[in-house]
Amino acid sequence: MRRKNIAGTLVCSILLIGLTLYLAPSILPSPLPVKASSKTISLVATTNGAYYYWNSSNPTITVTQGDTLTIDVSSSNSVAHRLLIDLDNDGYTDTTDCGSVDVCSNTVPPSYTIPPFTINSDPGTYTYYCTIHPTSMFGSFVILSPTSSVPDFTILPSATSLTAAQGSSATATITLTSVNGFSGSVTLASAVSPFWSPTILSPGSINLSAGGSASSTLTISTSSPSYYSTPVAQGNYAVNVTASSGSLSHSTTVSLVVGSTSTSPPGSSSLPVLPIIGGMIGAIVVVGVAVFLIRRKK
Ligand SMILES: [Cu+2]
């Protein structure tokens, strides 16, 4: 009896794990946008050859709107320097807006720490200076939007699996969607493996507008190509569709099952297989737990 209980527990556990894995993809959270954070940067006035620079090379400072920033300003020499971040784009000469719009340090040396402040200015590229050496000590101050990152696009087929009889054709819609403000021309290409016939994408090039989406129709003919005497063989094929724009490239694969002209293609059952399996697993788990509990009572 004891051995049976252990076996029952084991079976229930395995079934529960199976059910969890089956349900998991639908309950996983989607990725979150980049969030603002607290940052501390340090700028040191240094000598490089005949000129003064910030940190030897005037590095580009990149922050995200909403960030809380602390800036440590210091000098490696005895000459006076003063940092000004020109957030209203009126140049380094106007120091009357220091502390209201522009962010400024006191004169260094000695070193000075600008107390933590929140980046509220619009995303964009600004300039930071030394108000005393503005022709050599200046660099870019970039504010990124907190919600968007790199402009990109996604590719999504209307179906991941297609079926077609020999001598006919199969179609799917390929949808491209702009992400993070992407806009531009995207070129589409497709190939079937193992190779047996060309595919058609109409249109073959899509102009995406920022935030928009557009589609192309993928058609795969299973008619015998004119240079073959035999029709396209029955079996499983993979159709790969690639969308590219500049250095960006994304692809998706649609599986294709070619069946005979008279019978239904293999594996093309119209019954939704996964939900049925899920339901069966669920039922087995319920029965298993019930049997286990009843036995335990005895
Ligand atoms: Cu300076």
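Residues numbered from 1 in each chain as written. Predicted model: local features only at pLDDT ≥ 70, side-chain atom pairs only at ≥ 80, totals over all residues.

1. Brief notes about the overall build of the protein
Broken down by element type, the protein carries two helices and 18 strands. Within the span of the protein, comprising 298 residues, buried residues form 20% of the whole. Taking the contacts inside the protein whose residues are at least 6 apart along the sequence as the reference set, 68% of them involve residues at least 24 apart. (Helix = DSSP H or I, 4+ residues; strand = E, 2+ residues; numbered from the N terminus. Buried ≥ 20, exposed ≤ 12 C-beta atoms within 10 Å, placed from the backbone. Contact = placed C-beta atoms within 7 Å.)

2. Observations regarding the pairing of strand β2 (residues 51-54)
Here four bridges tie strand β1 (residues 38-48) to β2, and the two strands are oriented antiparallel to one another. Paired with T46 across the strands is Y53, a residue of β2. (Pairing = 2+ DSSP bridges.)

3. Section: the sheet that holds strand β18 (residues 248-259)
If you trace the five strands from one edge of the open sheet to the other, you get β11-β18-β17-β13-β15, paired in mixed fashion. Of all the strands in the sheet, just β11 (161-165) and β15 (205-208) have a single pairing partner and so form its edges. With direction set aside, neighbouring strand axes in the sheet form an average angle of 30°. Of the strand pairs in this sheet, strand β13 (residues 184-193) and strand β17 (residues 235-245) are connected by seven bridges, and their pairing is antiparallel. Among the inter-strand pairings, S190 is bridged to a residue of β17, identified as V241. (Axes fitted to C-alpha atoms, helices over the stretch in contact; angles between N-to-C directions.)

4. Things to note about unusual backbone geometry
For the peptide bond that leads from S193 to P194, omega is -10°, which places it in the cis range. Structurally, P194 can be placed in the loop between β13 and β14 (199-202). Positive phi outside glycine occurs at N55, with the angle close to 50°. With respect to the helices and strands, the residue N55 is situated in the loop between β2 and β3 (61-64). Overall, N55 belongs to the partly exposed group, with 16 C-beta atoms counted inside 10 Å. Phi angles above zero are rare outside glycine, and S56 is one such case at about 70°. With respect to the element layout, S56 can be found in the loop between β2 and β3.

5. With respect to the nonpolar core
Within the largest apolar cluster, 24 residues are counted, with the highest numbers of intra-cluster contacts made by L83, L84, I85, Y128, C130 and M137. Elements with a minimum of two residues in this core: β1, β2, β4 (68-75), β5 (83-86), β6 (103-104), β8 (124-130) and β9 (138-144). One finds A170, L218, V232 and L256 within the second-largest nonpolar core, a separate group that totals 14 residues. (Core = buried A, V, L, I, M, F, W, Y, C linked by C-beta atoms within 7 Å.)

6. So, the environment of Y126
Following the sequence through the fold, Y126 ends up in strand β8. Remark: the alpha-carbon pair of Y126 and G139, spanning 13 residues in sequence, is separated by 8.5 Å. What Y126 contacts, discounting residues up to four positions off in sequence, is I85, D86, L87, N89, F141 and I143.

7. Description of the environment of T118
Within the secondary structure, T118 sits in strand β7 (residues 112-118). A C-alpha to C-alpha distance of 8.0 Å links T118 and Q65, two positions 53 residues apart in sequence.

8. So, the environment of T113
With respect to the element layout, T113 can be found in strand β7. Under the C-beta neighbour-count criterion, T113 is labelled partly exposed, with 14 such atoms within 10 Å. Among all residues touching T113, those that are not within four sequence positions of it are T70 and D72.

9. Points about the confidence of the model for the protein
Mean pLDDT over the protein stands at 80; residues scoring 70 or higher make up 74%. The least confident element of the protein, judged by mean pLDDT, is helix α1 (residues 2-27) at 49; the most confident is β5 at 95. Across residues 14-33 the pLDDT falls below 50, and counting only partners more than four positions away or on other chains, this stretch makes 13 contacts in the model. Per-residue pLDDT stays below 50 along residues 263-271; that stretch engages in 13 contacts with residues further than four places along the chain or on separate chains. (pLDDT = per-residue confidence, 0-100.)

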